[in-house]
Amino acid sequence: MQDAEIAARILLDQGQEHCVETSHGVLHVTVHGAGNVRRPAILTFHDVGMDSKSCFSTLFKFEEMQEIVKNFTVVHVDAPGQEDGAAIYPAGYQYATMDQISDMLPAVLQYFNHSVFIFPERCFTSFLHSRSQLTNPEAVEGLVLINVDTNARGWMDWAAQKLSNLTSSLSDQILSHLFSQEEMSANTELIQTHKERIAKAPNLINIELFWKSYQGRRDLNIERNNTFKCPVMLVVGDQAPYEEAAVECNSKLDPTTTSFLKVCPSPVFYPSKLTEAFKYFIQGMGYMASSCMTRLSRSRTTSLSSSYSMEGSRSRSRTLSQGSQGGQLPPSPSHTMEVSC
């Protein structure tokens, strides 16, 4: 009964809205949870063509996600001008660059006095949070990067975008960023819903500015000697638009602190797989140690144990904090999983 009451409270929780002043403008932030500062917060940042509600509501209200949500404060950040009811920017408005948006995030952490798990959705915010961790490593305890592309646009990308600007609507351009052709063909109803929502958005001008900001991103220059200082979980959907970029990113990260999860089909359409992987990631960092292992975790433990026993000298054993307050854990070897739904 108690678990049912907690789940009902989470589902009905509309969150507390805040406007956080930063060096590059105001960010709209919605906070869910009790605010336990002894644990890091889960901070999210939505993708282009969405706001925090349309991007994360389904995932964080997903039944299997409730065990995570009740243990952590969740902080949803909206990009400038992207929240529901945002004022329309005037003609000629200079929208924040990717670097500037990244520089705005530490102000959110300071405002709520939290260290943070980063849990972005899709490519844009993966790039954004990647840069934020490189510039503020002490503020980030873990990164979950979904369909990440850490590279700036090349000449071919630039030419393709110029052609797309002439032949495609803004909503079609954003959809091709969010979904692969295979995903759009297989999920026509969902894709049509997204397309109509973008096309009819009252702040369409703001969305276009946000989109152009991402198109003008700089290369993160990630290498083995210039990489993240925290555990990282890379998640990519099979046949996702940024699958190759995610694989390339994985090759440049520290293999002792990086996990790579390939979900078939995309995690966007199967939140259960993303939830299970995220729960396992949290447990591996010493939080929720007493929580029951999920189906994916059990499968992964068996698979990895078999794999490492073949190598003889490599072990995956970890000691989790029984108090679930986190702490330093021994590094584990990198590993790759492919999960079919």
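Residues numbered from 1 in each chain as written. Predicted model: local features only at pLDDT ≥ 70, side-chain atom pairs only at ≥ 80, totals over all residues. Heavy atoms only, no water.

- Within an unreviewed UniProt entry, the label attached to the chain reads Protein NDRG2, and the organism entered is Cyprinus carpio.
- As stated in UniProt under Sequence similarities (unreviewed entry), the record for the chain gives "Belongs to the NDRG family." (UniProt positions renumbered as here; feature names shortened; annotations may be inferred.)

## Overview of the pairing of strand S4 (residues 74-78)
Here is step 1: Of all five residues in S4, five are buried; the element is thus mostly enclosed.
Here is step 2: The alternating pattern of S4 places Val74, His76 and Asp78 and Val75 and Val77 on opposite faces, both of which are buried.
Here is step 3: Both strand S2 (residues 25-32) and S4 contribute to a ladder of five bridges, which runs antiparallel. Paired with Val31 across the two strands is Val75, which belongs to S4. (Buried < 20%, exposed > 50% of the residue type's maximum accessible area, 1.4 Å probe, protein only. Helix = DSSP H or I, 4+ residues; strand = E, 2+ residues; numbered from the N terminus. Pairing = 2+ DSSP bridges.)

## Quick word on the side chain of Thr258
Here is step 1: Mapping Thr258 onto the fold places it in strand S8 (residues 258-264).
Here is step 2: Polar contacts involving the side chain of Thr258 include one to the main-chain carbonyl oxygen of Asp254, which spans 2.7 Å. (Polar contact = N/O pair within 3.5 Å; in protein donor to acceptor, adjacent residues only side chain to side chain.)

## With respect to the packing of aromatic side chains
Here is step 1: Inspection of every chain in the model, using the stated rule, returns seven aromatic pairs.
Here is step 2: Geometrically, the ring pair formed by Tyr95 and Phe210 is tilted, given 6.2 Å between the ring centres and 45 degrees between the ring planes. Of this pair, Tyr95 sits in the loop between S4 and helix H4 (98-112) while Phe210 is found in helix H10 (residues 204-215), placing the two residues 115 residues apart along the sequence. Comparing Tyr95 with Phe210, the two get one shared label, buried.
Here is step 3: Consider the rings of Tyr111 and Phe112, whose centres lie 4.8 Å apart with planes at 75 degrees: the pair is edge-to-face.
Here is step 4: The class of Tyr111 is partly exposed, set by a relative accessible area of 45%.
Here is step 5: On the basis of relative accessible area, Phe112 is assigned to the buried category, the value being 17%.
Here is step 6: An aromatic cluster is present here, built from Tyr89, Tyr93, Tyr95 and Phe210 joined pairwise through their rings.
Here is step 7: Between the NZ or CZ atom of Arg39 and the centre of the ring of Phe72, over which it lies, the distance is 5.4 Å.
Here is step 8: A cation over a ring is seen here: Arg217 above Tyr214, with NZ or CZ 4.2 Å from the ring centre. (Phe/Tyr/Trp six-rings, centres within 6.5 Å; stacked < 30°, edge-to-face > 60°. Lys NZ or Arg CZ within 6 Å of the ring centre and 35° of its normal.)

## Section: the packing of helix H7 (residues 170-178) against helix H9 (residues 188-199)
Here is step 1: In contact at an axis separation of 9 Å, H7 and H9 are set at 135 degrees when each is read in the N-to-C sense. Taken together, H7 and H9 sit at an angle that is classed as oblique. Both H7 and H9 take part in a crossing whose hand is right-handed. Note on element contacts: H9 touches H7 through Ile191, His194, Lys195, Ile198 and Ala199, opposite Ser171, Asp172, Ile174 and Leu175. (Axes fitted to C-alpha atoms, helices over the stretch in contact; angles between N-to-C directions. Parallel < 35°, antiparallel > 145°, perpendicular 65-115°, else oblique. Left-handed = near helix turned anticlockwise from the far one by under 90°. Contact = heavy atoms within 4.5 Å.)

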